[in-house]
Amino acid sequence: MNVTQFGRLFRPLLMLLVATVVTACGFHLRQTAALPASMQRVHLDMRGGDFQRSLTRALQHSGVTIEDDSGPGIAELRVPVATFSTDQVSAGGYVRITEYAIRYEVRFDVVDGAGNALVPTQTITMSREYSYDAGNTIGDASQVQEIQRSLNDDMVQAILFRLQAASKHQLAAPAPAASTH
């Protein structure tokens, strides 16, 4: 068996092995979220920025029409708080800080077009830790930006999961009992 024949045989086996390992570890491509029917049209009440752009894109990908203004028949997703903070985690010799944690807190709620709560006010907090290198401050700044971008993406997915759970909860809610008076 020459090298070319070995390569032709080895390549498909390697791809099969990689596919098996990736699916076995729980990796799945992100899919669209099944949101409540009352959220087909949504107005986002939040400050602009990367988080709003990512959330808008994810909602549109899930079939939601984003409206510029609120009004009858338009659900409103309100995000009054979306803040990053940095805390020191550990210090090295001579009280030199060597690790930080970036925390991201988002508070949100959703009301339908009639003003009824679809999702009550909820707070999601996420964090990531990183090591600080005093000799590489430029690398530190880019590391912080990458962590914030990653937290933004994860926060969007967490909110979509909560909205999807609200949709499933509404479908599973029992019908009101009939009156026997």
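Residues numbered from 1 in each chain as written. Predicted model: local features only at pLDDT ≥ 70, side-chain atom pairs only at ≥ 80, totals over all residues. Heavy atoms only, no water.

Colleague: So what exactly am I meant to see when it comes to the overall build of the chain here?
Modeller: Broken down by element type, the chain carries 3 helices and 5 strands. Listed by position from the N terminus, the elements making up the chain come as α-β-α-β-β-β-β-α. Of all intrachain contacts in the chain linking residues separated by at least 6 positions in sequence, the fraction that spans at least 24 positions is 64%. If you sum the accessible surface of the chain, you get close to 12,000 Å²; carbon and sulfur atoms cover 55% of it. (Helix = DSSP H or I, 4+ residues; strand = E, 2+ residues; numbered from the N terminus. Contact = heavy atoms within 4.5 Å. Areas by Shrake-Rupley, 256 points an atom, 1.4 Å probe, with all protein chains shown as cover.)

Colleague: What's the story with the nonpolar core in this structure? I'm lost.
Modeller: Ranked by internal contacts, the top residues of the largest apolar core, which has 34 residues, are Phe51, Leu55, Leu59, Leu77, Phe108, Ile159 and Leu163. Every element with two or more residues in this core is listed here: strand E1 (41-45), helix H2 (50-61), strand E3 (75-92), strand E4 (96-111), strand E5 (117-131) and helix H3 (137-172). Residue contributions to this core peak at 10 residues, all from H3. When residues no more than four places from it in sequence are discounted, the contact partners of isoleucine 159 are Phe51, Leu55, Val106, Phe108 and Ile124. (Core = buried A, V, L, I, M, F, W, Y, C linked by side-chain atoms within 4.5 Å. Buried < 20%, exposed > 50% of the residue type's maximum accessible area, 1.4 Å probe, protein only.)

Colleague: Looking at this model, I keep getting lost on the pairing of E1. Mind explaining?
Modeller: Bridge count between E1 and strand E2 (residues 65-67): 3 bridges; the pairing is parallel. What sits directly across from valine 42, in E2, is isoleucine 66. For the segment spanning E1, H2 and E2, crossover handedness is right-handed. (Pairing = 2+ DSSP bridges. Right-handed = clockwise from strand over helix to strand, strands pointing away.)

Colleague: Please explain H2 as it appears in this structure.
Modeller: Residues separated by three or four positions in an α-helix point in the same direction, a consequence of the helix having 3.6 residues per turn. With 12 residues, H2 extends 16 Å from end C-alpha to end C-alpha; this agrees with the ideal 16 Å at 1.5 Å per step. Those residues of H2 not exposed but buried are Phe51, Ser54, Leu55, Thr56, Ala58 and Leu59. Where H2 terminates, the next one or two residues include glycine 63, which has phi positive at roughly 90 degrees. (Expected span 1.5 Å × (residues − 1).)

Colleague: Explain the packing of aromatic side chains here, please?
Modeller: Each aromatic ring pair is specified by the distance between its two centres and by the angle formed by the two planes. One pass over the full model with this rule turns up 3 aromatic pairs. For the pair phenylalanine 51 and tyrosine 104, a centre-to-centre distance of 6.0 Å together with 85 degrees between the ring planes defines the contact as edge-to-face. Residue phenylalanine 51 is located in helix H2, and its partner tyrosine 104 is located in strand E4; the two are separated by 53 residues in the primary sequence. Here phenylalanine 51 matches tyrosine 104 in class, with each residue buried. Where tyrosine 100 meets tyrosine 130, the ring centres are 5.9 Å apart and the plane angle is 25 degrees; that geometry is what we call stacked. (Phe/Tyr/Trp six-rings, centres within 6.5 Å; stacked < 30°, edge-to-face > 60°.)

Colleague: Sorry if this is basic, but what is going on with the environment of alanine 58 here?
Modeller: Relative to the helices and strands, alanine 58 resides in helix H2. Residue classification places alanine 58 among the buried positions, given a relative accessible area of 14%. Note: C-alpha distance between alanine 58 and glutamine 157 (99 residues apart in sequence) is 8.2 Å.

Colleague: Sorry, what's going on with the pattern of salt bridges here?
Modeller: Side chains that differ in sign of charge can pair as their charged atoms come close. One pass over the structure, following the stated rule, counts 8 salt bridges. The salt bridge partner of arginine 149 is aspartate 153, with a shortest N-O separation of 2.6 Å. Placement of the pair is arginine 149 and aspartate 153 together in helix H3, with a separation of 4 residues, close to one helical turn. Salt bridges sharing common partners tie together Glu146, Arg149 and Asp153. (Salt bridge = Lys/Arg side-chain N within 4 Å of Asp/Glu carboxyl O.)

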